[in-house]
Amino acid sequence: MNVKDYMQRVGQAARKASRAIAKADTRQKNQALNAMADAIVRDSTKLLAANQQDLDAARAAGLDAAFIDRLALSEATVASMAEGLRQIAALPDPVGEMDDFCYRPSGIQLGKMRVPLGVVGIIYEARPNVTADAAGLCLKSGNATILRGGSEAFHSNQAIAACVSEGLRVAGLPAEVVQVVETTDRAAVGELITMQQYVDVIVPRGGKSLIARISAEARVPVIKHLDGNCHVYIDDTANPDKAFNIAMNAKTQRYAPCNTMETLLVHTAFAEFILPRLAEAYWEKGVELRGCERTRAILGDQVVAATEDDWFTEYSAPILAIKVVKDLDEAIEHINHYGSHHTDAIVSEDYGRARRFLREVDSSSVMVNASTRFADGFEYGLGAEIGISTDKIHARGPVGLEGLTSQKWVVLGDGQVRG
Ligand SMILES: NC(=O)C1=CN([C@@H]2O[C@H](COP(=O)(O)OP(=O)(O)OC[C@H]3O[C@@H](n4cnc5c(N)ncnc54)[C@H](OP(=O)(O)O)[C@@H]3O)[C@@H](O)[C@H]2O)C=CC1
Ligand SMILES: N[C@@H](CCC(=O)OP(=O)(O)O)C(=O)O
């Protein structure tokens, strides 16, 4: 396959399809979403067989447990993919919503209309459910999409793509509204991020290697969905049970997701009290601890000495960095310096400190007395999510339908001219 020619054809077709989907009515889009869900349920055996092919290859390649966990489909996850599409169908259609109308002194009436972005290219990890979620959200928000999932999920993604195509066909929409790239060649990513004439925005979901390439080569606007180096800061006013439960859940509920805590910060006046209880529970779950000098003084040599690199690291694994900090200022400074502007939480009963944390930590979700694992489109009531934007533009944090649209100005007059 000549990847350049192939991607040019994909881009051209997406641009054409974006015009059709932008004007499709809500009933037609919902029909497509429900038909996709029906096809996924009907073809679940085929989807699981395709996924098994991917899993066998991933295991043979020695990929780790967290990776396999992301890649694996089960009857339950296939059912929830279909359910996700039905939930997207049930959400209000944002396209064409008009608001903020007012009269200007000139007599014109001014407001805003919500519109699709156009063609959205999404590059994501080997997690097959993203194919269905992203296809559904882009469709409902009136966008055409080009999906490039992780190569290890190739067979699963192609099987899901067949169900998506069927849904589009049943609703009489062009098949090119959702295209799943049919090659694992990374040259396709290079094309996707430079086709300004066909692609309006790129959503890269991934880690360091993807970030490096996007930063160096992208010519299309980007909404970055990058790594999650998330923190929990336990203040000395924290309720001990809340602190314990949140710190455990944020690290151990699942190790791979980007909203999992990677560094725990603890106020110096609370460290001797809370750290031994936490460490025991982490060790029981097999979590390796890497700590600053003070942490090691409290917990002993079983804690590996943390290096400067640890504070920057997203382990995506049962490893946790721990740092004892002097006060809230040091915690905020640490998070803003070493973090990835994804999701950070404070555990505190002090209203003023909690408010400062919310205001001063520069991350897409800031939380008080809650686990970072809540940073998720479904948990936030968006139905599903494209991912978690670590950018600062209109789409920040979990991105759903609204994040896939923008607004244009609408002017209503009855003959006014500018004097
Ligand atoms: N903010 C968010 O919403 C999310 C963030 N993430 C982050 O993603 C990371 C985990 O995912 P991981 O599996 O490591 O993801 P990777 O970054 O390895 O891969 C993600 C996608 O990017 C592609 N890719 C990676 N490097 C390149 C490159 N140099 N050129 C072209 N394509 C490239 C991959 O393709 P290929 O298959 O060829 O490797 C894959 O499709 C973590 O850091 C996690 O926090 C994950 C999910 C959501
Ligand atoms: N928002 C999702 C996580 C998204 C994400 O991080 O994906 P991944 O890194 O592939 O596990 C959740 O909370 O499960």
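What you see as residue numbers is a count from 1 along each chain, following the sequence as written. All chains are assigned letters beginning at A, and all ligands numbers beginning at 1, according to the order in which they are written. The predicted origin of the model limits local features to residues at a pLDDT of at least 70 and limits the giving and counting of side-chain atom pairs to 80 or more, whereas totals for whole chains, interfaces and linings rest on all residues. Neither water nor hydrogens contribute to the side-chain values; these are computed over all heavy atoms in the structure.

Caption draft 1: Seen up close, the packing of helix α6 (residues 129–140) against helix α7 (residues 154–170). Running from amino to carboxyl end, α6 crosses α7 at an angle of 30 degrees, the nearest separation of the two axes being 10 Å. Here α6 lies roughly parallel to α7, going by the angle between them. Considering the relative orientation of α6 and α7, their crossing is right-handed. Counted together, Thr 131, Ala 132, Ala 135 and Leu 139 of α6 and Asn 157, Ile 160, Val 164 and Leu 168 of α7 form the full contact between these two elements. Charged means Asp, Glu, Lys or Arg here, nonpolar means Ala, Val, Leu, Ile, Met, Phe, Trp, Tyr, Cys or Pro, and polar covers whatever is left, Gly included. The residue makeup of the contact of α6 with α7, split by class, is 6 nonpolar, 2 polar and no charged. Between N-to-C directions, angles span 0 to 180 degrees; the directions come from axes that are lines fitted to C-alpha atoms, helices contributing only their stretch in contact. Strands are runs of DSSP state E lasting at least two residues, helices are runs of H or I lasting at least four, and both sets are numbered from the N terminus onward. For this classification, under 35 degrees means roughly parallel, over 145 means roughly antiparallel, 65 to 115 means roughly perpendicular, and everything else is oblique. Less than a right angle of anticlockwise turn of the near helix away from the far helix marks a crossing as left-handed, whereas a clockwise turn marks it as right-handed. Contacts: residue pairs with any heavy atoms within 4.5 Å of one another.

Caption draft 2: Quick peek at the pattern of salt bridges. Salt bridge criterion: a side-chain nitrogen from Lys or Arg within 4 Å of a carboxyl oxygen from Asp or Glu. Across all of its chains, the model carries 29 salt bridges by this definition. Taking the shortest distance from any N to any O, the salt bridge between Lys 29 and Asp 93 comes out at 2.9 Å. With Lys 29 in helix α2 (residues 26–42) and Asp 93 in the loop between α5 (75–90) and β1 (98–103), this pair connects stretches of sequence that are 64 residues apart. As far as burial versus exposure is concerned, Lys 29 and Asp 93 are alike and both buried. Measuring nitrogen to oxygen at the nearest pair gives 3.0 Å for the salt bridge that ties Glu 272 to Arg 294. A residue pair is termed long-range when its members are at least 10 positions apart, and Glu 272 in helix α11 (residues 268–284) and Arg 294 in helix α12 (residues 293–299) qualify at 22 residues. Connected through salt bridges with shared partners, the residues Asp 235, Asp 236, Asp 350 and Arg 353 form a single ionic network. Categorising residues by exposure relies on relative accessible area from a 1.4 Å probe, with only protein chains included: less than 20% of the type maximum marks a residue as buried, more than 50% marks it as exposed, and the intermediate range marks it as partly exposed.

Caption draft 3: The side chain of Ser 156, seen in detail. Within the element layout of this structure, Ser 156 appears in helix α7. Contacts of Ser 156, omitting those with residues within four sequence positions, involve Ala 50, Asn 51, Asp 54 and Pro 128.

Caption draft 4: View of the domain arrangement of the chain. For each domain, the first and last residues come from an automatic or database assignment. Along its sequence, the chain is organised into domain 1 (3–225 + 386–412) and domain 2 (230–374). Relative placement of domain 1 and domain 2: their C-alpha centres are 33 Å apart. Taken together, the contact between domain 1 and domain 2 spans 11 residues of the former and 12 residues of the latter. Put simply, buried area is how much 1.4 Å-probe accessible surface two parts lose in total, over both of them, once they are put together. For the domain 1 and domain 2 pair, buried surface summed over both sides reaches about 900 Å², with 46% attributable to carbon and sulfur atoms.

Caption draft 5: View of the site of ligand 2. Surrounding ligand 2, one finds 14 residues, the nearest of these being Arg 70, Glu 125, Arg 127, Cys 258 and Glu 385. Polar contacts here mean pairs of N or O atoms no more than 3.5 Å apart (in protein, one a potential hydrogen donor and the other a potential acceptor; neighbouring residues in sequence count only if both atoms are side-chain atoms). Contact between ligand 2 and Arg 127: an oxygen atom at 2.7 Å from a side-chain N or O atom of the residue. Within the side chain of Arg 205, one N or O atom sits 3.4 Å away from an oxygen atom of ligand 2. Split by residue class, the shell around ligand 2 holds 5 nonpolar, 1 polar and 8 charged. Here the shell around ligand 2 gathers at least three residues from each of two domains, domain 1 (3–225 + 386–412) and domain 2 (230–374). For this description, a residue counts as near a given molecule or strand if any of its non-hydrogen atoms is within 4 Å of it.

Caption draft 6: Structural context of the site of ligand 1. Taken together, the neighbourhood of ligand 1 is formed by 26 residues, with Ser 151, Arg 186, Ser 209, Glu 314 and Ile 388 sitting nearest. A distance of 2.7 Å separates an oxygen atom of ligand 1 from a polar side-chain atom of Arg 186. At 2.6 Å from an oxygen atom of ligand 1 is found a main-chain nitrogen or oxygen belonging to Ile 388. Here the open area of atoms and residues is found with the Shrake-Rupley method and a 1.4 Å probe, where only the protein chains shown may cover a residue. In isolation ligand 1 offers 900 Å² of accessible surface; the protein chains occlude 87% of this area. Among the secondary structure elements, those contributing two or more residues to the shell around ligand 1 are α9 (208–217) and β14 (387–389). The element that contributes the greatest number of residues to the shell around ligand 1 is α9, accounting for 3 residues. Tallied by class, residues from the shell around ligand 1 come to 7 nonpolar, 10 polar and 9 charged. Three or more residues apiece are contributed to the shell around ligand 1 by two domains, here domain 1 (3–225 + 386–412) and domain 2 (230–374).

Caption draft 7: Summary view of α2. In this analysis, the expected span of each helix is defined as 1.5 Å times one less than the number of residues it contains. Under the 1.5 Å per step criterion, the end-to-end length of α2 is 24 Å for 17 residues, consistent within 8% with the ideal 24 Å. Among the residues of α2, those classed as buried are Lys 29, Asn 30, Ala 32, Leu 33, Ala 35, Met 36, Ala 37, Ala 39 and Ile 40. Against α1 (3–22), α3 (44–60), α5, α6 and α7 lie the buried residues of α2.

Caption draft 8: Up close: a nonpolar patch on the surface. A contiguous nonpolar surface patch, about 260 Å² in accessible area, is contributed by Met 98, Phe 101 and Leu 412. By the element assignment, Phe 101 lies in strand β1. Owing to a relative accessible area of 30%, Phe 101 belongs among the partly exposed residues under this scheme. Like-charged residues are merged into a patch within 9 Å and nonpolar side chains (Val, Leu, Ile, Met, Phe, Trp, Tyr) within 5 Å, provided each residue has over 30% relative accessible area and no salt bridge.

Caption draft 9: Structural context of the environment of Glu 330. Within the secondary structure layout, Glu 330 lies in helix α14 (residues 328–338). Through-space distance from the C-alpha of Glu 330 to that of His 267 is 9.3 Å; in sequence the pair is 63 residues apart. The residues contacting Glu 330, other than those within four sequence positions of it, are Lys 323, Val 324 and Val 325.

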